[in-house]
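For reference, the chains in residue letters:
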Amino acid sequence: MTALSCEVHLEDNTRILVEGTIIDENNSPISDAKISVLIKRSNYSEGENQYVIGEGYSNAEGEFSVTSLYDKDEDFAIEIHGGEDYSTYVYKTNTLEYTPLDLTFNLETVSLKKLATFNYHIERTSGEANTLRYTFKYIEGFCLEYYEGTTLNEFQSSCYQEQVVSQFLNDSNPDIEWLLSIPFGGVVEFTYAINDEPEITEFITINEDNYDFTFTY
Amino acid sequence: MTLRSLIKAVWLIGIYFFCLIGFAQETSSNSESETNSKSTFFDSKERQRFFAIMIGGHKPFTSGDNFMGEGLEGKSGIDFKVQMYIYKHFFIGLSTGASYFNVKNQELLGAYKKSRIAENYVYIGYEFFPTDKLRLGLNISIDSDLDYKNTGFSTSDISEQNDSAKLNRYGLYLNYELSKHFMVYLDYGYNESKTEIVVPAELDNFFKKGKYSTIGLGLVFTIGSRDLISRFVD
């Protein structure tokens, strides 16, 4: 019988330095952003089964300098999480093939977008048997840049990409209430069709930190 | 052969050696002490010993602008030493022990919570006799092997990460004699850990050396009443 082990062995006698500056869209520094050095990070906005090997925070000037352990891993990542108010940025590379000169990952200037919360509430007031098919298209507050060495690979990157949420509401599920994190100032495209009639599209500009959207059918 | 395995081998030989010679010597030592009662700060024939075995614990204290002073906080430690008196009160010793630390600043070291240093070193020194009951020893390490085992990761899939180093240690101890072959000790050691950690040039000075002191307490058992050379010369 063979025992399967997922044990990770980090590089002995090695430390790396991760440094850079975090700003918002107005070039103002973002303090207390969390910087995590990760291995085995997936490409999704919410990483799964990832391991933290270094961690730190940006200072009042938005600068950070984090010393971390190191591992040669095809899913090596540095994640910058600006908290609830800002988008998340991920630098990703394959350290099996690339280790930077002088063991320093200098991300230079990373710009995060301010986020707003889009709370939507859809309620059926027209009575039973009426249906609604709807779609929200929006830009998600997440940017992953994949680098091969020092070159950005746009094909493997996914930076502020369009996301789509669709649902069909009927008797078994007539109402919905949910929230999305969207870059402040962004536009949400709301397309709907009541009782399979022709689609109607509305554009909603997110100009409040907490944008409440209510729709009845 | 690593220093650790060398120490183990020398220990076994040493234990055999002092059991064989040390106890045999006891029977003739009484007559010696009766005839040699002169004792000074530097020498005391009647307080001459062949082997000393020390068992104790210590508290480490990190210091300085380096990865240990800024990143680690001392918790506890254990010591086990054997020293053999080569000529009069000049001795050579082997020490094996460990010091335990908590990581107080992960941003400076990496995302782990604990560090244990396994300390193995060879030392030399000299013992002085300030009073009838006290012995003052000074010692310095001459070869060493330090292994940092870093643990306490956010996942159990990473069990440990290791760093290695050499030790420069300067120590002193005070032994209080409770009986001829039994003492208690209080010791102080200044330790400079010269690491082999590879880092960016910007961090080189920070990781090149780690500094910590230890204050320890423990028990001393001695065997024999003559130094090694005297056994062959006299």
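A. Region of interest: the interface of chain B and chain A. Across the boundary between the two partners, chain B contributes 27 residues, which contact 27 residues of chain A. Buried area between chain B and chain A, both sides added, is near 2,200 Å², and the carbon and sulfur share of it is 49%. For the pair chain B and chain A, the interface holds one salt bridge. Ionic pairing is found between Asp 163 of chain B and Arg 15 of chain A, a salt bridge with its closest N-O pair at 2.7 Å. At the boundary of chain B and chain A, one finds 17 residue pairs in polar contact (both at pLDDT 80 or more). Taken together, the elements giving at least two residues each to the side of chain B that touches chain A come down to α3 (106-109) and β6 (161-179) of chain B. Here the residues of the side of chain B that touches chain A are counted per class, giving 13 nonpolar, nine polar and five charged.

B. Region of the structure containing the sheet that holds strand β16 (residues 210-216) of chain A. Residue and element names in this part refer to chain A. Spatially, the three strands line up as an open sheet ordered β13-β8-β16, and their pairing is mixed. The two strands at the open ends of the sheet, each matched to only one other strand, are β13 (176-183) and β16. In this sheet, neighbouring strand axes are inclined to one another by 20 degrees on average, regardless of whether the strands run parallel or antiparallel.

C. Expanded view of the sheet that holds strand β3 (residues 51-57) of chain A. All names here are of chain A. With mixed pairing, the six strands of this open sheet are ordered in space as β3-β2-β5-β6-β10-β11. The sheet is open, and its two borders are formed by β3 and β11 (151-159), each paired with just one other strand. Sheet twist, expressed as the mean angle between neighbouring strand axes with direction ignored, is 20 degrees. Bridge analysis of strand β6 (residues 88-93) against strand β10 (residues 142-148) gives six bridges, and the strand direction is parallel. When the sheet's bridge partners are listed, Thr 88 is paired in β10 with Phe 142.

D. Spatial organisation of the side chain of Gln 83 of chain B. Residue and element names in this part refer to chain B. Tracing the backbone shows Gln 83 in strand β2 (residues 72-87). At 3.2 Å, the side chain of Gln 83 and the side chain of Tyr 85 are in polar contact. Here Tyr 173 takes part through its side chain, which lies 3.0 Å from a polar atom of the side chain of Gln 83. Residues within four places of Gln 83 in sequence aside, it is in contact with Phe 50, Phe 51, Ala 52, Met 54, Phe 91, Ile 92, Gly 93, Tyr 123, Glu 127 and Tyr 173.

E. Inspection of the layout of surface pockets at higher detail. Residues and elements named next belong to chain A. Approximately 650 Å³ is the volume attributed to the largest pocket. Taken together, 28 residues make up the lining of the largest pocket; nearest its centre are Glu 46, His 81, Thr 88, Leu 115 and Ser 181. Going through the elements one at a time, β2 (34-39), β3, β5 (76-81), β8 (115-123) and β13 are the ones with two or more residues in the lining of the largest pocket. Broken down by class, the residue content of the lining of the largest pocket amounts to eight nonpolar, eleven polar and nine charged. The residue makeup of the lining of the largest pocket includes at least three contributed by each of domain 1 (16-111) and domain 2 (115-141 + 148-216).

Conventions and cut-offs
Sequence positions are assigned chain by chain, starting from 1 and proceeding in written order. By the order in which they are written, chains take letters starting at A while ligands take numbers starting at 1. Per-residue local features of the predicted model are confined to residues with pLDDT of at least 70, and side-chain atom pairs are confined, for both listing and counting, to 80 or more; whole-chain, interface and lining totals are unaffected and use all residues. Hydrogens are left out, water is left out, and the side-chain values use all remaining heavy atoms of the structure. Residues count as neighbours in contact if any of their non-hydrogen atoms are within 4.5 Å of one another. Using a 1.4 Å probe, buried area is obtained as the accessible area two parts lose upon being combined, added over both of them. By definition, a salt bridge exists where a carboxyl oxygen of Asp or Glu is found within 4 Å of a side-chain nitrogen of Lys or Arg. As used in this structure description, the phrase polar contact means that two N or O atoms lie within 3.5 Å; if the pair is within protein, one of them must be able to donate a hydrogen and the other to accept it, and residues adjacent in sequence are counted only when both atoms belong to side chains. A run of H or I in DSSP becomes a helix once it reaches four residues, and a run of E becomes a strand once it reaches two; helices and strands are each numbered from the N terminus. Three classes are used: nonpolar for Ala, Val, Leu, Ile, Met, Phe, Trp, Tyr, Cys and Pro, charged for Asp, Glu, Lys and Arg, and polar for all others, with Gly counted as polar. Any two strands with at least two DSSP-identified bridges between them are counted as paired. To get an axis, fit a line to the C-alpha atoms, keeping to the stretch in contact for a helix; angles then go from 0 to 180 degrees between the N-to-C directions. Computed over the protein atoms alone on a 1 Å grid, cavities are sets of points where a 1.4 Å probe fits but cannot get out and pockets are open sets with protein on both sides within 12 Å along at least five of seven lines; a residue lines them when it has an atom within 4 Å of a point. Grid points are joined across faces, edges and corners, and a volume is the space filled by probe spheres set on the points. Segmentation of the chain into domains, including their bounds, is taken from an automatic or database domain assignment.

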